[in-house]
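Here's the letter readout for the chains.
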Number of protein chains: 2
Amino acid sequence: MTLTAPVPARPAGLAAPAVCHLSATATARLLGEWRGGGPAYLALADALRSAVLSGTLAPLTRLPSERDLAAALGVSRTTTAAAYARLRDLGFAVSRVGSGTVAVLPRGSASGRGARTPAPSAGDAPTADAGAPDGPRDLATPRDLATPLDLGQATPSATPALHAAFSRALEALPAYLGTGGYAHHGIAPLRAAVADRYTARGVPTAPDQVLVTTGAQQAIALLAATFVGPGETAVVESPTYVHAADALRRTGARVVGVPAGDVETLASAVRRTRPRLVYLVPDFHNPTGRSLTADERASVRDLADRYGVTVVGDETLTDLALDDDAAIRSPFAGDGASPHVVSVGSASKSFWGGLRVGWVRAPEHVVQRLARTRQSVDIATAVLEQLAVVELLSRRDEILPGRLADLRARRDLLVDGARSAVPAWDVPSPAGGLCLWVGLGRPVAQAFAAAAVAEGVLVAPGPVFTPDGAARDRVRLTFARTPAELEDAVVRLGRAWRRVTD
Amino acid sequence: MTLTAPVPARPAGLAAPAVCHLSATATARLLGEWRGGGPAYLALADALRSAVLSGTLAPLTRLPSERDLAAALGVSRTTTAAAYARLRDLGFAVSRVGSGTVAVLPRGSASGRGARTPAPSAGDAPTADAGAPDGPRDLATPRDLATPLDLGQATPSATPALHAAFSRALEALPAYLGTGGYAHHGIAPLRAAVADRYTARGVPTAPDQVLVTTGAQQAIALLAATFVGPGETAVVESPTYVHAADALRRTGARVVGVPAGDVETLASAVRRTRPRLVYLVPDFHNPTGRSLTADERASVRDLADRYGVTVVGDETLTDLALDDDAAIRSPFAGDGASPHVVSVGSASKSFWGGLRVGWVRAPEHVVQRLARTRQSVDIATAVLEQLAVVELLSRRDEILPGRLADLRARRDLLVDGARSAVPAWDVPSPAGGLCLWVGLGRPVAQAFAAAAVAEGVLVAPGPVFTPDGAARDRVRLTFARTPAELEDAVVRLGRAWRRVTD
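Below you will find a few notes about this structure. (Residues numbered from 1 in each chain as written. Chains lettered and ligands numbered in written order. Predicted model: local features only at pLDDT ≥ 70, side-chain atom pairs only at ≥ 80, totals over all residues. Heavy atoms only, no water.)

## With respect to the overall build of chain A
Move 1: For chain A, the helix and strand inventory stands at 17 helices and 16 strands.
Move 2: Looking at the 502 residues of chain A, the share that counts as buried comes to 66%.
Move 3: Here the analysis covers contacts within chain A between residues at least 6 apart in sequence; of these, 75% occur between residues at least 24 apart.
Move 4: Total accessible area on chain A is roughly 16,200 Å²; 51% of this is exposed by carbon and sulfur atoms. (Helix = DSSP H or I, 4+ residues; strand = E, 2+ residues; numbered from the N terminus. Buried < 20%, exposed > 50% of the residue type's maximum accessible area, 1.4 Å probe, protein only. Contact = heavy atoms within 4.5 Å. Areas by Shrake-Rupley, 256 points an atom, 1.4 Å probe, with all protein chains shown as cover.)

What follows is the structure in C-alpha cells.
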C-alpha cells in the first residue's frame, strides 16, 4: 500500500493562536503541590510540563504572564521567567511578541519522527497526545524526552488472535458489500453474540436490548446526551474514568462525585441531588481496582428503581480478572429486569483498543432512543470491525487466558518493583484491571508526575481522576507495558521520587 | 466464524413504553397534505406509515387520541379509528389499554427475518431504520411490506476494490498491534494521504491540518459541539443534509435555514444573525444536486473572513461528478488560507458507507480543539479502517471511473424512467451526487411518499430536508440502486402518483 508521499510545504498564514487562556490562580490550582527538591524554576517547569503531558493543561493554552504567575505562586518573577525559558527549551512552550507564552506539545515520540512512515501513533486516556505525532511540526524534538515510557495510558497491545479474527471477518464481509453498510443498531450477528454473552452470565438478554456503539466511550457519550441535559445532575465516583466525567460535563450537566465504591454515600447523593444518570465502574474500578460486592450491586439496582434514575455500569474491564478467585460472578445488571440499569461493554481492553467496538445493554426502548441519538453522532459502526468482534467473542475462552496470564505477570512485576523502589508507598495489588492506584503518602502527585517526566516516565497524577482535583496523594500506574519497560520504569520512578522528596 | 446461536427468551418486564407524545396539532402539521385518492382512513394510515418510515415520526412516539386527531384533521373519529386499526394491522402501531396508540417500526426487511444469520442489515439517512432488523421483535411482519424498494437512502454499495483494500490493510496492521491502538488525530499515513489529496487539488495542506474522524457525520458533530453552544445560531441551507441540521440542533443552537445555493441571502443571514457556524454542501448539493460556482465559493470565504464565522463545506459528494464537465475544479477551501473555512470529507460515498472514516481539513489550532472534543466522544477511529482508506485513496484514480460510470447509467435510467412515468414532474438531471430532487408540481410529498410505501417503494419527502417543513412539493429519489430495482421502482412510483392524483 502507498504509505509514503512527499511532505507538502506548510501553508503560510496558518499560525496556531492560543485558543484559551489560563489565569494565574487557575494555573496555581492546577499545579497543586509543585515544589520538589532542587531549584524552584526547574520544579515549576517540570510541573507545567507534566500538566501538559497528562492532559490537565491543554496544548495551545495561553499561560499567565510571568508577573501574574509569580504573584499567584508566591515566588519571584525570576523563577517564573526561568521556568518559562526552560519550558521553551524543552519544546513545551512558545513565546511570541504580543501574545505571551503558549503551552504546546513538542514533537517527541518515536512514532512522531517519521510522520510519513506507517509507524504506529498511540495515545489514550487520561493523558493527552503525549508522544503522539500530532504536535506542532515546527518545534524541535527535545532530546531528553524523545520516547518517554508511558505508564499513564492504560492501553494494552492487541491480542495475538486479532489478525486472524480480521482475516475471518474479511471472509464474512462480502455478504454486506451489496448494502449501504449502515446498521444503526449494529449488525445482527454481533447484537446476538453480545446478547448471548450476557445471557450466559445470567442476565437474560435479547438482541433487541443491545446497541452496538463505536467503542465504550461512544456508549457513555450517547447515554449522557440522551439522558442528561444542561443544568441537570449526573453522579460519578471519585476517582473515576476521566472521559466519562468529560462526556457528562459536555451535556452542560453538573457532575457530582461520591467516593468510589461507597454505596451509602451514593444513595444519599441520589436522594439529595436527584440526578438523571449515575455512572459507575463496578468491576476492577478504574483507577482503584476495587469491585463492588454482590450486595452493593443489589443496593445500586434498588436505588435505580426506587428513584427512577438511570444507572450506568461500565463493564469495560470485566473480562480482566487477574486473580484466580476474582472473576466477576454477579453481573452489574443482576437478573436484567430493572428498567433503569444499563450496562456498557467494549472490545477495547479484552482484545484491542484499535478496534472501535463497544455496546450498551439496556431495555429495548432505551436502545431505540440511543439509536436515534447516534444517527446525528456517527450514523453507525464500521461493519468489518463488528464482524471481527463476533469472531473474537466466539473465541473468548481461548483468547483470554493467555492475555490474563500476561497481564498478571506484569501486574506482579510492577507491584513488586514499585514496593521495592519506594517502600513508603502504598502499592495495593488489584484483583483485576490494568492499573495500580498507588498511595504516595504525601499530596505531591503533580510534582511527582513532573519529576517522572524528567526521568522519562509518564504517569497519571491522581487529581486527573477526580471531579474536584482531589487525590493529590495518588498516582495511577498501568502495568499494560512489556516487562522490560516496566523494569526500566520502576528504576526511573524511584529516581523521580527522590527528586521530589530529597 | 460463529454466527449462529440460540435465541434467548425475551425477559419479562421490559415493555417498551412510548418515550414522547405527539399532540394532535403537531401530528396534523407533520402530515401536511395527506389526502390522496381513495378512502380517507387509508390515506391517513399511509401518511402516518410514511412518516414513520421516513423518520419524521419517531418510532415509540405516542400518537394523539383518535378523538383529538379527528378534530385536528377535520375528519370523523371513525376515520382516525380505522386509520389506527390499519396501522396496527400493518405492524406500524401498537395499542395498549391505558397507553393509547404508539407508532412502531415493524420487522419488515429480508435481513430482519434471520436475525441470527450474517445477512446484512442496511439503513441510513435520512430515513430511519425502515426495513432494518431492529424493530420490536414481537410484531408480525406485514407481508405486503416485506422488502420495500428503498429509494430513500442514498447509500451506494461498496466499490469492488474494497475487499482487496482491506486485505492490503491487514498486511500493514501488524505494525500497530503492539500499541494501544489509539491515534487521536488519526494514523499518520492517512493524515498524510488526505493532506496530499487536498494539496493535489490546489489547497496546500499539511498533515497537521487534518483530523481523521469516524465518518463525516462525526466530523460535523464535532464541529457543532466545538463551535456552537446553547442559544447560539447556526445557519444551514434549506433544503440540506438532515443529520447535519440534527447535529447542530443537539448543541441547543437555533438552526436557521437559507435557500440552498443562494449566497446573497446567506450573506444577509450571517449579517443579521451572527451565527457561530455555517454548514454548506458546496458540491453536488444534497438534495438539490447543484454545485456552487467558483465566484460563489469565493464570496462564501470572504463572508467567513469578514464576520469571523466558521464556514463548514461538506465535500462528501465531491468525488461523484457524473457529467464529463462536472468535476469540481474549485475546492471549497480555495487556497486554504482562510482561518475560518473548514472542509469535511469522507470515504462513505466514494468507496463504502460501511467504512466509517471521514476527516476535517482545518487550521491546525482548530484540529487540536476538535481532537480534544473527540476524546470524550469516541477517543479514536478504528486503525484497520484507516489503513484501508489509505489504500483506497492511493488507488482512487483506478477505482472511481468504474463507480462513476455505474452511477451515471443509473442516474440516466431513473431520470428517463421518472420523466416517462409522470410527465408532469420536474425531474432535473444532477451533474453529480446520488439523488434526484424531483418537483411534484403540487404540495403532496407526504401523501405521495405514503402512497409509494403502499406500492412498495420508500422515498424521502421534501419536508425531511428543510428546517421548517417546507419543500412539500418535492421528493428525493436516490439512483444508488441496481438497474433492475430502479426499473421496478419507476413503475411503482407511477402507480403511487396515480393513487394520489386520480
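## Things to note about the packing of helix 8 (residues 188-200) of chain B against helix 14 (residues 383-394) of chain B
How two helices pack is summed up by the angle between their axes together with the distance between the axes.
Residues and elements named next belong to chain B.
Move 1: Two elements in contact, helix 8 and helix 14, have axes whose closest approach is 9 Å; the angle formed by their N-to-C orientations is 30°. Crossing geometry of helix 8 relative to helix 14 is assigned as left-handed. Contacts between helix 8 and helix 14 pair Pro189, Leu190, Ala193 and Val194 from the former with Gln386, Val389, Val390 and Leu393 from the latter.
Move 2: Tallied by class, residues from the contact of helix 8 with helix 14 come to seven nonpolar, one polar and no charged. (Axes fitted to C-alpha atoms, helices over the stretch in contact; angles between N-to-C directions. Left-handed = near helix turned anticlockwise from the far one by under 90°. Nonpolar A, V, L, I, M, F, W, Y, C, P; charged D, E, K, R; others polar.)

## Remarks on the environment of B:Arg29
Move 1: In this structure, B:Arg29 sits in helix 1 (residues 24-31).
Move 2: As a C-alpha pair, B:Arg29 and B:Ala72 span 43 residues in sequence and 9.4 Å in three-dimensional space.

## As for the packing of helix 9 (residues 215-227) of chain B against helix 10 (residues 242-250) of chain B
Residue and element names in this part refer to chain B.
Move 1: Look at helix 9 against helix 10: their axes get within 8 Å of each other, and the N-to-C directions meet at 30°. Comparing their axes, helix 10 and helix 9 come out roughly parallel. Once helix 9 is placed against helix 10, the crossing between them reads as right-handed. Taken together, the residues of helix 10 that come into contact with helix 9 (itself represented by Gln217, Ile220, Ala221 and Ala224) are His243, Ala244, Ala247 and Leu248.
Move 2: Among the residues forming the contact of helix 9 with helix 10, the class breakdown is six nonpolar, two polar and no charged. (Parallel < 35°, antiparallel > 145°, perpendicular 65-115°, else oblique.)

## Quick word on the sheet that holds strand 16 (residues 474-478) of chain A
All names here are of chain A.
Move 1: Taken in spatial order, the three strands line up as 13-16-15 in an open sheet, and their pairing is antiparallel. Unpaired on one side and paired on the other, strand 13 (435-439) and strand 15 (460-461) mark the two borders of the sheet.
Move 2: Relative to strand 16, strand 13 runs antiparallel, the two being bridged by five bridges. The residue bridging Gly439 from the neighbouring strand is Arg474, located in strand 16. (Pairing = 2+ DSSP bridges.)

## Points about the pattern of salt bridges
Move 1: Applying the stated criterion across every chain, the model contains 36 salt bridges over all chains.
Move 2: The shortest N-O distance in the salt bridge between A:Arg396 and A:Asp397 comes to 3.1 Å.
Move 3: Overall, the relative accessible area of 13% leaves A:Arg396 in the buried class.
Move 4: Take A:Asp397: its relative accessible area is 61%, and that puts it in the exposed class.
Move 5: Here B:Arg77 ties to B:Glu66 by a salt bridge, and the two come within 3.7 Å at their closest N and O atoms. With a gap of eleven residues between them, B:Arg77 in helix 4 (residues 77-90) and B:Glu66 in helix 3 (residues 66-73) connect regions that are remote in the sequence.
Move 6: B:Arg77 sits in the partly exposed class, given a relative accessible area of 43%.
Move 7: When salt bridges that share partners are traced, they join A:Asp46, A:Arg49, A:Glu455, A:Arg495 and A:Arg499 into one network. (Salt bridge = Lys/Arg side-chain N within 4 Å of Asp/Glu carboxyl O.)

## Quick word on the environment of B:Leu414
Residue and element names in this part refer to chain B.
Move 1: Looking at where Leu414 falls in the secondary structure, it is placed in helix 15 (residues 396-421).
Move 2: On the basis of relative accessibility, which here comes to 0%, the residue Leu414 falls in the buried class.
Move 3: Sequence spacing of Leu414 and Leu486 is 72 residues, and the spatial spacing of their C-alpha atoms is 6.3 Å.
Move 4: For Leu414, the residues in contact, after removing those within four places along its chain, are Leu151, Leu436, Leu477, Thr478, Phe479, Leu486 and Val490.

## Observations regarding the packing of aromatic side chains
Residue and element names in this part refer to chain A.
Move 1: In total, this model carries eight aromatic pairs over all chains according to the counting rule given.
Move 2: On the basis of an interplanar angle of 75° and a centroid distance of 5.4 Å, the ring pair of Trp425 and Phe448 is categorised as edge-to-face. Note that Trp425 is positioned in the loop between helix 15 (396-421) and strand 13 and Phe448 in helix 16 (residues 445-454), a separation of 23 residues in sequence.
Move 3: A relative accessible area of 6% means that Trp425 is categorised as buried.
Move 4: Judged by its relative accessible area of 0%, Phe448 is buried.
Move 5: Through pairs of rings, three or more aromatic residues link up here, namely Trp425, Phe448 and Trp497.
Move 6: One Lys or Arg, Arg369, reaches over the ring of Phe227 and ends 5.1 Å from the middle of that ring. (Phe/Tyr/Trp six-rings, centres within 6.5 Å; stacked < 30°, edge-to-face > 60°. Lys NZ or Arg CZ within 6 Å of the ring centre and 35° of its normal.)

## Brief notes about unusual backbone geometry
Move 1: Looking along the chain, the bond that leaves A:Asn286 and enters A:Pro287 is cis, with omega of 10°.
Move 2: Along the chain, A:Pro287 falls in the loop between strand 9 (277-280) and helix 12 (294-307).
Move 3: Going from B:Ser238 to B:Pro239, the amide bond is cis rather than trans, its omega being 0°.
Move 4: Its place among the elements puts B:Pro239 in the loop between strand 7 (233-238) and helix 10.
Move 5: Its identity is not glycine, yet A:Phe284 carries a phi of approximately 50°, on the positive side.

## Things to note about the nonpolar core
Move 1: Of all hydrophobic cores here, the largest spans 110 residues; its most connected members are A:Leu173, A:Leu355, B:Leu173 and B:Leu355.
Move 2: Contacts of B:Leu355, omitting those with residues within four sequence positions, involve B:Leu162, B:Phe166, B:Ala347, B:Ser348, B:Glu385, B:Ala388, B:Val389 and B:Leu392. (Core = buried A, V, L, I, M, F, W, Y, C linked by side-chain atoms within 4.5 Å.)

## Some points on helix 15 of chain A
Move 1: Relative to the 38 Å expected for 26 residues at 1.5 Å per residue, helix 15 of chain A spans 36 Å between its end C-alpha atoms, a close match to the ideal helical length.
Move 2: Here helix 15 of chain A has its buried residues at A:Arg396, A:Ile399, A:Leu400, A:Arg403, A:Leu404, A:Leu407, A:Arg410, A:Arg411, A:Leu414, A:Val415, A:Gly417 and A:Ala418. (Expected span 1.5 Å × (residues − 1).)

## Thoughts on the pairing of strand 8 (residues 254-259) of chain A
All names here are of chain A.
Move 1: Looking at chain direction, strand 7 (residues 233-238) and strand 8 are connected through six bridges and run parallel. Within the sheet, the bridge partner assigned to Thr233 lies in strand 8 and is Arg254.
Move 2: One crossover worth recording links strand 7 to the parallel strand 8 by way of helix 10 (residues 242-250), and it is right-handed. (Right-handed = clockwise from strand over helix to strand, strands pointing away.)

## Digging into helix 10 of chain A
Move 1: Among all positions of helix 10 of chain A, only A:Val242, A:His243, A:Ala244, A:Ala245, A:Ala247 and A:Leu248 are buried.
Move 2: Against the buried residues of helix 10 of chain A lie helix 9 (215-227), strand 7, strand 8 and strand 9 of chain A together with helix 13 (364-375) of chain B.
Move 3: Note on helix 10 of chain A: the residue one or two positions beyond its end, A:Gly252, has a positive phi of about 90°.

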